[in-house]
Amino acid sequence: MNQQFIQNITIHWDRIDADSYLRDIPAICGIRSLSFTKPITFFTGENGSGKSTMLEAIAVAYGFNPEGGTKNYNFSTYDSHSELYDAMTLSKGYRKPGWGYFLRAESFYNVATKEREYSNSLKLHEKSHGESFLTIAQKNFKPNGLYLLDEPEAALSLQRQLTFLMEIYECARQSSQFIIATHSPILLGIPDAEIMTFDNGRIHTCAYEETDSYQITELFMNHRKQLLANLLSQ
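Now for a look at the structure at hand. (Residues numbered from 1 in each chain as written. Predicted model: local features only at pLDDT ≥ 70, side-chain atom pairs only at ≥ 80, totals over all residues. Heavy atoms only, no water.)

### Examining the sheet that holds strand 7 (residues 177-181)
Part 1 of the reasoning: As summarised here, the arrangement of the six strands in space is 5-6-7-3-8-9, forming an open sheet in which the pairing is mixed. Each edge of the open sheet is held by one strand with a lone partner, namely strand 5 (99-104) and strand 9 (204-206). On average, each strand axis in the sheet is inclined to that of its neighbour by 20°, with strand direction left out of account.
Part 2 of the reasoning: Where strand 3 (residues 40-44) and strand 7 come together, four bridges link them in parallel fashion. (Pairing = 2+ DSSP bridges. Helix = DSSP H or I, 4+ residues; strand = E, 2+ residues; numbered from the N terminus. Axes fitted to C-alpha atoms, helices over the stretch in contact; angles between N-to-C directions.)

Structural data, given as structure tokens:
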């Protein structure tokens, strides 16, 4: 057993309806269990590959509010989460987190609105979208915590992504665990993180340089004129 708060997940497919759309997501329908061995794990892959669905299910199964926040948040603006969490068993480590946060880019506005009820001091709606994301990180990223982040780069400039990267890395060094769904080639570059890609119909680990995020960014930066000429002449 390693030191991670979430050691493993197991999916019980007999609890999922036969006509559920989850069975049509190749990377998810072929998975029975998934293990976490490092402080930082990335889920990456094309849109619709299932990475956010998996992250959301893990968060809800652990006890987080489906729309995000700490485990103390309890509200619902729109129930959009799948049934996957109800068919999931989490194997937890011997340590218990002292804090935790579930961040979802798509429902962050709802969390920011509710934050006024929980902590008037933050005043997230008075900040830019990106500044609000960083404020949440700086307030909630603490040692010995569990953090589930869904596409946190959505509101961040490239410079802010580097700042966010440093916040994640430093917090992970202080005995925290992160599971992050992302397309960002910057965040994916965090040293010693485990990267799980949902592409090609199965969840499997890969090197940073093997991710589409890295390869497409490298292609664009090094061959921009030729690439655009080919794309825009069609």
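Text resumes after the structure shown.
### A short note on unusual backbone geometry
Part 1 of the reasoning: One non-glycine residue, Asn-144, lies in the positive phi region at around 60°.
Part 2 of the reasoning: Phi at Asp-192 takes a positive value of approximately 70°, unusual for a residue other than glycine.
Part 3 of the reasoning: Position of Asp-192 relative to the elements: it lies in the loop between strand 7 and strand 8 (194-197).

### Considering the packing of helix 6 (residues 212-222) against helix 7 (residues 224-232)
Relative orientation and spacing of two packed helices are given, respectively, by the angle between their axes and the distance between those axes.
Part 1 of the reasoning: Closest axis-to-axis distance for the helix 6/helix 7 pair is 5 Å, and the angle between their directions is 100°. In this view, helix 6 runs roughly perpendicular relative to helix 7, as classed from their interaxial angle. Across from Leu-219, Phe-220 and Asn-222 in helix 6, the residues of helix 7 making contact are Arg-224, Leu-227 and Leu-228.
Part 2 of the reasoning: Of the residues contributing to the contact of helix 6 with helix 7, the split by class is four nonpolar, one polar and one charged. (Parallel < 35°, antiparallel > 145°, perpendicular 65-115°, else oblique. Contact = heavy atoms within 4.5 Å. Nonpolar A, V, L, I, M, F, W, Y, C, P; charged D, E, K, R; others polar.)

### Considering the sheet that holds strand 2 (residues 33-35)
Part 1 of the reasoning: Across the sheet, which stays open at both edges, the three strands sit in the order 2-1-4 with antiparallel pairing between neighbours. In the strand order of this sheet, the two ends are held by strand 2 and strand 4 (88-92), each with one partner. Sheet twist, expressed as the average angle between the axes of neighbouring strands with direction ignored, equals 15°.
Part 2 of the reasoning: As defined by bridge partners, strand 1 (residues 6-11) adjoins strand 2 across three bridges and the pair is classed as antiparallel. Note that in strand 2 the partner of Asn-8 across the bridge is Ser-35.
Part 3 of the reasoning: Each of strand 1 and strand 4 touches helix 2 (residues 51-62); the most contacted strand, strand 4, lies at about 70° to it.

### Section: the nonpolar core
Part 1 of the reasoning: Judged by nonpolar contacts, the single largest core of 33 residues is most densely connected at Ile-9, Phe-43, Met-54, Ile-58, Leu-84, Met-88 and Leu-148.
Part 2 of the reasoning: In terms of residues, this core owes the most to one element, helix 2, which gives six residues.
Part 3 of the reasoning: What Met-54 contacts, discounting residues up to four positions off in sequence, is Ile-9, Ile-11, Ile-28, Ile-31, Phe-43, Leu-84, Met-88, Phe-198 and Ile-203.
Part 4 of the reasoning: Residues Tyr-101, Ala-137, Phe-141 and Phe-178 belong to the second largest nonpolar core, which totals 26 residues. (Core = buried A, V, L, I, M, F, W, Y, C linked by side-chain atoms within 4.5 Å. Buried < 20%, exposed > 50% of the residue type's maximum accessible area, 1.4 Å probe, protein only.)

### Section: the pairing of strand 6 (residues 145-150)
Part 1 of the reasoning: Where burial is concerned, most of strand 6 is hidden: six out of the six residues are buried.
Part 2 of the reasoning: Side chains of strand 6 alternate between two faces, with Gly-145, Tyr-147 and Leu-149 and Leu-146, Leu-148 and Asp-150 buried alike.
Part 3 of the reasoning: Of the strand pairs in this sheet, strand 5 and strand 6 are connected by six bridges, and their pairing is parallel. Counted as the bridge partner of Gly-100 is Leu-146 from strand 6.

### As for the side chain of Ser-213
Part 1 of the reasoning: Tracing the backbone shows Ser-213 in helix 6.
Part 2 of the reasoning: For Ser-213, a relative accessible area of 12% puts it in the buried group.
Part 3 of the reasoning: In this structure, Ser-213 is in contact with Thr-44, His-183, Pro-185 and Leu-188, ignoring residues within four places of it in sequence.

### Observations concerning the pairing of strand 1
Part 1 of the reasoning: When you tally the buried positions in strand 1, you get five out of six residues, the bulk of the element.
Part 2 of the reasoning: With five bridges connecting them, strand 1 and strand 4 associate as antiparallel partners. Each residue of the ladder has a partner; that of Asn-8, found in strand 4, is Ser-91.

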